[in-house]
Amino acid sequence: MVVIALGVPQVVDQFGLLQLTIFAAMCILALSLGFVWGYGGILCFGQSAFFGLGAYAYAVTAVDLGESTAAAILAVLVPAVFAALLGYFMFYGRLSDVYLGVITLSVTLIFFNLMNSTAGDAYRVGKARLNGFNGMPSLPTLNVPGDPARLLDPTETFYLVMAFLVIVYVGLHVLLASHFGRVVVAIRENEARCELLGYDVRLHKLLVFTIGGGIAGLAGCLFANWGAFVSPNVFSLTMTSQIIIWVIVGGLGTLVGPIIGCLIMQYLATTLGTQQLANTNLIFGIIFLAFVLLVPRGIVPSLRALGARAPGPSRVHDPA
Amino acid sequence: MDLAAVLTFEILNGVATLVLISVGLAIIFGMMRVINLAHGEFLMLGGYAAIVATNHGVNIWVAMVVVAPLVVGVVGVIAERLIIRVLYGRMIDTLLATWGLSLFFIGIVTTIFGNTVAGIGAPLGSLGVGRYSISLYRLVLIGIAAAILAVIFVALRQTRLGLIARGTMENPNMAAALGVSPPRVYATTFGVGAALTGLAGGLLAPISGVLPTVGAAYVAKAFITVISGGTAILAGTAAASSLFGSVNQLLTYFTTPVIGEAGLLAAAILLLRVLPHGITGKLFKGSL
Amino acid sequence: MSDAVLQTLGLSIRFGGVEAVRGVDFTLAERELRCLIGPNGAGKSTLFKLLTGQLKPTAGRIVFRGHDITGHHTHAIARRGIGIKTQVPSLFDGLTVREHLWLAARRTNPAERARAITEEILERIGLASLANGAVGRLSHGLRQWVELGTVLAGNPELILLDEPAAGMTHDEVARTAELVREINRTHALIVVEHDMQFVRMIARTVTVMHQGAVLVEDTMDQIMKNATVRDIYLGKHGGS
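Residues numbered from 1 in each chain as written. Chains lettered and ligands numbered in written order. Predicted model: local features only at pLDDT ≥ 70, side-chain atom pairs only at ≥ 80, totals over all residues. Heavy atoms only, no water.

Examining the pairing of strand β2 (residues 18-29) of chain C
Residue and element names in this part refer to chain C. Where strand β1 (residues 4-15) and β2 come together, 8 bridges link them in antiparallel fashion. Each residue of the ladder has a partner; that of Ile13, found in β2, is Val21. Taken together, β1 and the strand that follows it, β2, pair antiparallel across an intervening segment of 2 residues, in which Gly16 is found at a positive phi of about 60°. (Pairing = 2+ DSSP bridges. Helix = DSSP H or I, 4+ residues; strand = E, 2+ residues; numbered from the N terminus.)

Encoded structure:
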């Protein structure tokens, strides 16, 4: 992965590089849900809420300060804190899986409605106008920390996003291999047994949810920086559906799966978008249905089961 | 005095809207334990059905009250037969499948009608209350919402079909042993829930207009209402609608619609922290 | 009663109109091995759920080593040192046997020590050859052993065993009894069991529960002679 990352800018043109940069940012977003849902067993349908919060936190802070370092840090912190708060109510209130899905989905849709209605001069944070459904254009992009005048060029941005992707991917593997990570997987397998062994299920879930929120926020920051633009669409049903589809297509319980799912669907969305052959929602809806009904385990676990020639229970932790 | 009257009207209106958009979902969820994420799109389809029918010369009331529920009811039965039925008992897969269905509907409608707002004018006029004026149509909506709740109550309590439905939800195996066919009951329940949702979509079309993605604006509120309501379909929907409708409208009136929306969500999350099983989770166990 | 490991005072729980556990006063001494018997529905498993915090009592108190743990969370009670093997083995089906033991051992031990404990328990319960297999594919009898081993790996001060011999062959039952006696050298235990042969192998004091309440508490021999106990097992006392 690292070799590819270093070599890519030499072989693709500017457009291709920008394309790959956004793909990589989205892969980080896919990983966040792959972790929360696939390993933590937390049915989060509102991952885009944290993604969007990260994007907006970056946008507002960058506009106000004219410098991106604090903005990038806040883009991770704000969604993480929000996730912790929301998670506290959900996990300590002992809401069941399905309720969790609905609440998280509702949260992101309410954010969507909220942000859409912030048009007008009244809605501003410092210098930053939120602009409602028109979004916030011409955002300051990432600069070298401490030097607002020195902005990153597209190649540097690509390297940075790839570096974050590798860090998140490796970091999640390390985390899952740790004591904490093993307990998280055990909780997914059997909550009651974990409690009887003395592990605080609520706290573990809360931490997973918070970490996932922070990672999604990072992806949001990179997204806002990529287009120098953010609009309420980061909270839209389409956005949150996409993240779910990536994970469903790629497969739960792996980290490679969501990345593969994300790449396939992003490629498809880009192609459909340029060719205007059919409505993207229509195609995504059909793929979504097809996977739930026909390949419920997703691509990666299904291929592995095929490779192992044994349809046993899903692998819980795999270093691949 | 006038202000009080208008404020009461606004609150009742908010409550009625919540009842309308969530009652179909409450029936499907409460009776079948199926969370239908395409619920917003059922509302959207109801709206389009009413608008298209009206534009083709059908009387607007017929379009809203007959055509919209009929169309969406049929769509619901087809969806139940083709998709939901395959996944019974797999709650999360059902949830995901209906999500796919929702995208599918958005895609189809966008392809046919384009991504623009369609609308019809609201019938009736307005009524003067002192210095204020209120829409007569909205007043009628409050009545319709109350009527829907009353009809469902009577249907569940007094009719054979209602008894069969309640029995099947309580214990499918026992109902089957008594000669009731659970698949038929489920299909009917889903169809009725969808039809009620279509009716709501039709009735709200003149007020809010319709576009392919309008479902997203409703679905969150509908789910929050149903979940916070808890197990009792009618009492829960009515209670949660009243609570959230009041919070939403009061905040909207005194601040902005944005705060109103946020307040609704915050109220729901706080409520579920205190009562994880919703308002009627423990209090009204076994009631409707 | 300072030497009591566990004490319940008037412990009761009511489900709707049914009082599944009624005013149970129960005391377990240090290193004691107590068998809990009674017909189905006597409230034995419910009592275990109350002791482990899976259910909250409607009345009464639970005192463990001088600490009132009534109404505490399940994980907090487990942290105080109560471990349970549930009636239907509660396991992580996707994890291996080794991972089960490690998870239990690792909560209270550093990584190195947890690994050592894991290997030691694997030997002790005789599952070393199956250590890396997913637990979901094991037979019921083997699952019983895995759960027992998992509880042991956590080294709780008080161990509750709910029907540890169920679904085992005659030889396995004997081995389980042997293991229980061995555990009892260092730990206090409460064992719920229907298999009277098994109870005879391990028991000194037996508590008989009936319709949610403690009926009688005595030595195994006295219990076997008790006419009331015989009657309730044959269903003459109605209710069960």
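Remarks on the packing of aromatic side chains
Evaluated as defined, the whole model comprises 19 aromatic pairs over all chains. For the pair Phe42(B) and Phe190(B), a centre-to-centre distance of 6.3 Å together with 85° between the ring planes defines the contact as edge-to-face. Pair noted here: Phe42(B) is in helix α2 (residues 39-55) and Phe190(B) is in helix α8 (residues 182-208), with a separation of 148 residues, a long-range link. Owing to a relative accessible area of 0%, Phe42(B) belongs among the buried residues under this scheme. For Phe190(B), a relative accessible area of 1% gives the class buried. Linked through ring pairs, Phe50(A), Tyr56(A), Phe82(A), Phe91(A), Phe111(A), Phe209(A) and Phe235(A) together constitute an aromatic cluster. One residue, Arg182(A), lies across the ring of Trp102(C), its end atom 4.8 Å from the ring centre. Over the ring of Trp145(C) we find Arg175(C), and its NZ or CZ is 4.5 Å from the ring centre. (Phe/Tyr/Trp six-rings, centres within 6.5 Å; stacked < 30°, edge-to-face > 60°. Buried < 20%, exposed > 50% of the residue type's maximum accessible area, 1.4 Å probe, protein only. Lys NZ or Arg CZ within 6 Å of the ring centre and 35° of its normal.)

Examining the sheet that holds strand β4 (residues 59-64) of chain C
Residues and elements named next belong to chain C. Ordered by their spatial adjacency, 4 strands build an open sheet running β2-β1-β4-β5, and the pairing between neighbours is antiparallel. A strand with exactly one partner marks an edge of an open sheet, and here the two such strands are β2 and β5 (67-68). Alignment of β4 against β5, held across 2 bridges, turns out to be antiparallel. The residue bridging Val63 from the neighbouring strand is Asp68, located in β5. Here helix α1 (residues 44-51) sits on the sheet and contacts β1, β2 and β4; the angle it forms with β1, its principal contact strand, is near 115°. (Contact = heavy atoms within 4.5 Å. Axes fitted to C-alpha atoms, helices over the stretch in contact; angles between N-to-C directions.)

What to know about unusual backbone geometry
Residue and element names in this part refer to chain C. A positive phi angle, close to 50°, is found at Arg65, a residue other than glycine. Along the polypeptide, Arg65 turns up in the loop between β4 and β5. Accessibility expressed as a relative area gives 32% for Arg65, which makes it partly exposed.

Observations regarding helix α10 (residues 237-250) of chain A
Residues and elements named next belong to chain A. With 14 residues, α10 ought to run about 20 Å at 1.5 Å a step, and its terminal C-alpha atoms sit 20 Å apart, in line with that. Counting buried positions along α10 gives 13 out of 14 residues, so the element sits mostly inside the fold. Following α10 by one or two positions, Gly251 has its phi on the positive side, about 120°. (Expected span 1.5 Å × (residues − 1).)

Things to note about a nonpolar patch on the surface
Residue and element names in this part refer to chain B. A contiguous nonpolar surface patch, about 380 Å² in accessible area, is contributed by Val58, Val62, Val65, Val66 and Leu70. For Val65, the location among the structural elements is in helix α3 (residues 60-82). The class for Val65 is partly exposed, based on a relative accessible area of 40%. (Patch = residues over 30% accessible without salt bridge, like charges linked within 9 Å, V, L, I, M, F, W, Y side chains within 5 Å. Areas by Shrake-Rupley, 256 points an atom, 1.4 Å probe, with all protein chains shown as cover. Salt bridge = Lys/Arg side-chain N within 4 Å of Asp/Glu carboxyl O.)

Here's the deal with the interface of chain B and chain A
Put simply, an interface is often sized by how much accessible area is lost when its parts join up. On the side of chain A, 40 residues touch chain B, which itself brings 43 residues to the contact. When chain B packs against chain A, close to 3,800 Å² is buried across both sides, 81% of that on carbon and sulfur atoms. Of all residues in chain B, Trp99(B), Leu103(B) and Arg273(B) give up the largest surface area on contact with chain A, accounting jointly for 19% of the area buried on that side. Linking chain B to chain A there are 0 salt bridges. Remark: the boundary between chain B and chain A carries 1 residue pair in polar contact (both at pLDDT 80 or more). Within the residue set of the side of chain B that touches chain A, elements represented by two or more residues are α4 (91-113), α9 (215-229) and α11 (257-274) of chain B. When residues in the side of chain B that touches chain A are grouped by element, the largest group, 17 residues, is from α4(B). Looking at side-chain class alone, the side of chain B that touches chain A contains 31 nonpolar, 6 polar and 6 charged residues. (Buried area = accessible area lost by both parts, 1.4 Å probe. Polar contact = N/O pair within 3.5 Å; in protein donor to acceptor, adjacent residues only side chain to side chain. Nonpolar A, V, L, I, M, F, W, Y, C, P; charged D, E, K, R; others polar.)

Some points on the packing of helix α2 (residues 14-39) of chain A against helix α6 (residues 154-177) of chain A
Residues and elements named next belong to chain A. Contact pair α2 / α6: the axes reach a minimum separation of 9 Å and the direction vectors enclose 20°. Between α2 and α6, the interaxial angle falls into the category roughly parallel. The handedness of the crossing between α2 and α6 is left-handed. (Parallel < 35°, antiparallel > 145°, perpendicular 65-115°, else oblique. Left-handed = near helix turned anticlockwise from the far one by under 90°.)

Points about the pairing of strand β10 (residues 213-219) of chain C
All names here are of chain C. Relative to β10, strand β9 (residues 205-210) runs antiparallel, the two sharing 6 bridges. Across the sheet, Val208 pairs through a bridge with Val216, a residue of β10. Here β9 folds back onto β10 in antiparallel fashion, the turn holding 2 residues, of which Gln211 has a positive phi close to 50°.

Here we look at the interface of chain A and chain C
Of the residues lining the interface, 20 residues belong to chain A; the matching set on chain C comes to 27 residues. Taken as a group, Arg193(A), Leu196(A) and Leu197(A) account for 32% of the area that chain A buries against chain C, more than any other trio of residues on that side. One can count 1 salt bridge joining chain A with chain C. Close ionic contact of Arg193(A) with Glu147(C) constitutes a salt bridge, the shortest N to O distance being 2.4 Å. Joining chain A to chain C, the criterion identifies 14 residue pairs in polar contact (both at pLDDT 80 or more). Mapped onto the side of chain A that touches chain C, the elements with two or more residues apiece are α7 (179-189) and α8 (191-196) of chain A. In terms of residues, the side of chain A that touches chain C owes the most to one element, α7(A), which gives 6 residues. Here the side of chain A that touches chain C is built from residues that sort into 9 nonpolar, 4 polar and 7 charged.

Quick look at the side chain of Ser90(C)
Structurally, Ser90(C) can be placed in the loop between β6 (82-85) and α3 (97-106). Take Ser90(C): its relative accessible area is 13%, and that puts it in the buried class. Aside from chain neighbours lying at most four places away, what touches Ser90(C) is Asn190(A), Arg193(A) and Glu147(C).

What to know about the sheet that holds β9(C)
All names here are of chain C. Read across the sheet, 6 strands follow the order β6-β7-β8-β3-β9-β10 without closing on themselves; strand pairing throughout is mixed. At either end of the open sheet lies a strand with only one pairing partner, and these are β6 and β10. Strand-to-strand twist across the sheet, computed as the mean angle between neighbouring axes with direction ignored, equals 20°. Pairing of strand β3 (residues 33-37) with β9, which is carried by 4 bridges, proceeds in the parallel orientation. Looking at β9, one finds that Arg34 is bridged to Thr205. In the packing of α1 onto the sheet, the strands contacted are β3, β6, β7 (158-162), β8 (188-192) and β9, and the crossing angle to β7 comes to about 150°. On top of the sheet, helix α6 (residues 170-184) reaches β3, β7 and β8; it is set at about 150° to β8, its chief contact.

What about the environment of Gly114(B)?
Residue and element names in this part refer to chain B. Looking at where Gly114 falls in the secondary structure, it is placed in the loop between α4 and β1 (126-129). Here Gly114 falls in the partly exposed class, since its relative accessible area comes to 23%. When the C-alpha atoms of Gly114 and Ser246 are compared, they prove to be 35 Å apart, with 132 residues separating the residues in sequence. Aside from chain neighbours lying at most four places away, what touches Gly114 is Tyr48, Val109 and Pro212.

Examining the confidence of the model for chain C
Scored by pLDDT, chain C comes out at a mean of 88, with 96% of its residues at no less than 70. Across the interfaces of the predicted complex, the ipTM metric reaches 0.89, alongside a pTM of 0.86. (pLDDT = per-residue confidence, 0-100.)

Topic: the environment of Thr21(A)
Residues and elements named next belong to chain A. Its place among the elements puts Thr21 in helix α2. For Thr21, a relative accessible area of 3% puts it in the buried group. Through-space distance from the C-alpha of Thr21 to that of Gly298 is 25 Å; in sequence the pair is 277 residues apart. What Thr21 contacts, discounting residues up to four positions off in sequence, is Thr157, Phe158, Val161 and Trp226. Within the local environment of Thr21, its side chain forms a polar contact with the backbone oxygen of Leu17, the two atoms lying 2.6 Å apart.

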